[in-house]
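Results of the structural survey
Listed here are the chains, written in short residue letters.
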Amino acid sequence: MSGGEAAELLTDLMFRPWGQVSSSVYETGRLVTLVPWLVGHQERIDYLVAAQREDGAWGAPDGYGLVPTLSATEAILSALLRGESGTDGQNLGEAAERGLRMLAGWLAGPLQLPDMPAIEHIVPSLVALINRHLESLAGHGPLSLPDGMSYDTLDLVRSWIESGAEVPEKLLHALEVGGPAAKGALVVRPTAIGTVGASPAATAAWLGERGARDVHDPARGHLEAVARRHGGPVPVGLPITVFERGWVLSWLIRAGVPVEVPPEMAADLRAAIGPAGATAGPGLPADADTTAVALYALALLGMPYEPDCLATFRSGTHFSTWQGEQGTSVSVNAHVLDALGQYVACVPASAVRYDETIAEVAAWIGERQEPDGSWSDRWHASRYYATAACALALDEFGGDLSAGAVDAAVGWVLETQRPDGSWGRWTGTAEETAYAMQILLLTRWRADPRCERAVDRGHAYLTRSSGEEHPPLWHDKDLYTPVAVVRAAVIASSHLARRT
């Protein structure tokens, strides 16, 4: 069964090359404000109202709700001030009031925020927009910024854009924070397919009202295509072609799922890797994560490609996601370890060049393991994702010195299984269950009776939850789900469980 599911998945990847990504409250809210003339506008408003939680917020717990709640509330206020309304009796005024109450409560006290891309610019920009709306609404005082945030960095970004200086590629993904300076900025050039920064919000911010007049503008065409494909709401990042294909192939092949990879897919993956690495998709900068996973997938396919381009991201004994990154990622380094280790496995003569780096990266990852045996990461909300990446890479390529770290990771997984057989941060999910099962099934512990029992229960959960939507857990400006990538992880884990 897994072979058929995998074949269907790969076919989907070829027919939908931009990628399969869940809709984003944050990104959809920005389009409601920035491009109300764009096709699907009413559907976007209705989506925001329908996605509001009972408590008045949007998004996930633990600080993840601030950005989507700010975006949705500001968007609904913008719609109200334009005289718009919801459909089927939806009360936009009530939705905005409930959102404002939640925001006022959150921002009045200490708030622990997750490490999300551009959050230090996005939050001030949205708070400023909402406060401007509140000037014309009675009974509301201005919202405060979270502790530690200010408008200073946002002002610097906007001054940079206004100056005409070249804008860093990674900033283009959140160009909407530039406000009026982003509209038609001469230093910004959409890609050949019309996207700016692989982001509908960034593209809309650059296009502005001009798109309503110029029906032939490629950026307008791109936004229309994305909106129509998703029924009005839009994802936080698209296209993600290389990222999606690299992750799907690596998870399926690593688990031994029988797949026949289209030769053009493998060729495209190889062509995506240049001297500076690979980008997740058009409009994004090259990053070590996408580069490493693409290299690893090619090596698994028996097409090893020299990984010298990873040196671009080297930072001492570890690798940064991109040059100048603020913070570090264990999952990125685990994927680099996979890429280097699998290349050496395919080309043994290269060991003399890469063995030292492999040992350094493995040690760096091990040093960042939590006392309970898990790892946390800046690119995913769940520790099961980071722990799977690290445990699998260390078990296969970390050598005997990493055995203790792998043992601790397995112990953590066994201890945190839920009564229904699932694993998960906030609730059990198929995605997180798949990662936990891979830790148990792809490491040296695979034959332990405790692992076998846990896997049986996990597999039963995956079977029961088949067909359910996967909640967003991946980090971008908003949490999102790369649907095909998560589906591949579940297929891989189910295949391993059945084979065992």
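It should be emphasised that the depicted structure is a prediction, and the values quoted were computed from it without experimental measurement.

On to the overall build of the protein. Summing up its helical and strand segments, the protein has 21 helices and four strands in all. A globule of 500 residues ought to have a C-alpha radius of gyration of about 23 Å, and the protein, at 23 Å, matches this closely. Summarising its shape, the C-alpha atoms of the protein cover approximately 65 × 50 × 45 Å along the three principal directions. The 500 residues of the protein split such that 59% are buried. Look at the contacts in the protein between residues 6 or more apart in sequence, and 72% of them connect residues 24 or more apart. Summed over its atoms, the accessible surface of the protein is roughly 19,500 Å², and 53% of this surface lies on carbon and sulfur atoms.

Structurally, Ser 71 can be placed in helix 4 (residues 66–81). Classification of Ser 71 by relative accessible area gives buried; the value is 0%. Non-local contacts of Ser 71, meaning those with residues more than four positions away in its chain, are made with Val 25, Tyr 26, Gly 29, Arg 30 and Leu 126.

Our next topic: helix 4. Owing to its 3.6 residues per turn, the α-helix aligns residues three or four sequence positions apart on the same side. Look at helix 4: 22 Å from first C-alpha to last across 16 residues, which is about the 22 Å you get at 1.5 Å a residue. Just downstream of helix 4, Gly 83 is the residue with a positive phi angle, here 85°.

Tallying each qualifying case throughout the model produces 24 salt bridges. Note that Asp 12 is salt-bridged to Arg 487, the shortest N-O span being 3.3 Å. You can see Asp 12 sitting in helix 1 (residues 2–15) and its partner Arg 487 sitting in helix 21 (residues 483–499), a full 475 residues away along the chain. One salt bridge in this structure joins Glu 367 and Arg 368, with 3.4 Å as the shortest N-O distance. Among the ionic contacts, a cluster of salt bridges with common partners joins Glu 8, Asp 12, Arg 16 and Arg 487.

By the definition in use, this model includes ten aromatic pairs. Here a set of aromatic residues connected by ring pairs shows up, and it is made of Phe 243, Trp 247, Trp 251, Tyr 385, Tyr 435, Trp 474 and Tyr 480. Over the ring of Trp 206 we find Arg 210, and its NZ or CZ is 4.5 Å from the ring centre. Positioned above the aromatic ring of Tyr 305 is the side chain of Arg 270, whose terminal nitrogen or guanidinium carbon lies 3.6 Å from the ring centre.

The next point concerns unusual backbone geometry. With omega at 5°, the peptide bond leading from Leu 238 into Pro 239 counts as cis. For Pro 239, the location among the structural elements is in the loop between helix 11 (218–229) and helix 12 (241–254). With phi around 60°, Asp 62 is a residue other than glycine that occupies positive phi space. Examined against the element boundaries, Asp 62 turns out to sit in the loop between helix 3 (41–51) and helix 4. Note on Asp 62: relative accessible area 45%, which makes it partly exposed. The backbone phi angle of Ala 118 is positive, close to 65°, even though this residue is not glycine. Positionally, Ala 118 belongs in the loop between helix 5 (92–107) and helix 6 (119–134). Take Ala 118: its relative accessible area is 18%, and that puts it in the buried class.

One can describe the packing of helix 20 (residues 449–464) onto helix 21 by two numbers: an axis separation of 10 Å at closest approach and a directional angle of 130°. Relative to helix 21, helix 20 is oriented oblique. Judged by the twist between their axes, the crossing of helix 20 over helix 21 is left-handed. Contacts between helix 20 and helix 21 pair Val 455, His 459 and Leu 462 from the former with Val 490, Ser 493, Ser 494, Ala 497 and Arg 498 from the latter. Considering only residue class, the contact of helix 20 with helix 21 consists of four nonpolar, three polar and one charged.

Position of Cys 346 relative to the elements: it lies in helix 15 (residues 330–346). It is 8.6 Å that separates the C-alpha atoms of Cys 346 and Leu 300, two residues lying 46 residues apart in sequence. Setting aside chain neighbours within four positions, we find Cys 346 in contact with Ala 299 and Pro 304.

Conventions and cut-offs
Residues numbered from 1 in each chain as written. Predicted model: local features only at pLDDT ≥ 70, side-chain atom pairs only at ≥ 80, totals over all residues. Heavy atoms only, no water. Helix = DSSP H or I, 4+ residues; strand = E, 2+ residues; numbered from the N terminus. Rg over C-alpha atoms; globule rule 2.2 N^0.38 Å. Buried < 20%, exposed > 50% of the residue type's maximum accessible area, 1.4 Å probe, protein only. Contact = heavy atoms within 4.5 Å. Areas by Shrake-Rupley, 256 points an atom, 1.4 Å probe, with all protein chains shown as cover. Expected span 1.5 Å × (residues − 1). Salt bridge = Lys/Arg side-chain N within 4 Å of Asp/Glu carboxyl O. Phe/Tyr/Trp six-rings, centres within 6.5 Å; stacked < 30°, edge-to-face > 60°. Lys NZ or Arg CZ within 6 Å of the ring centre and 35° of its normal. Axes fitted to C-alpha atoms, helices over the stretch in contact; angles between N-to-C directions. Parallel < 35°, antiparallel > 145°, perpendicular 65-115°, else oblique. Left-handed = near helix turned anticlockwise from the far one by under 90°. Nonpolar A, V, L, I, M, F, W, Y, C, P; charged D, E, K, R; others polar.

Remember that the coordinates give geometry; whether it matters functionally is a separate question.
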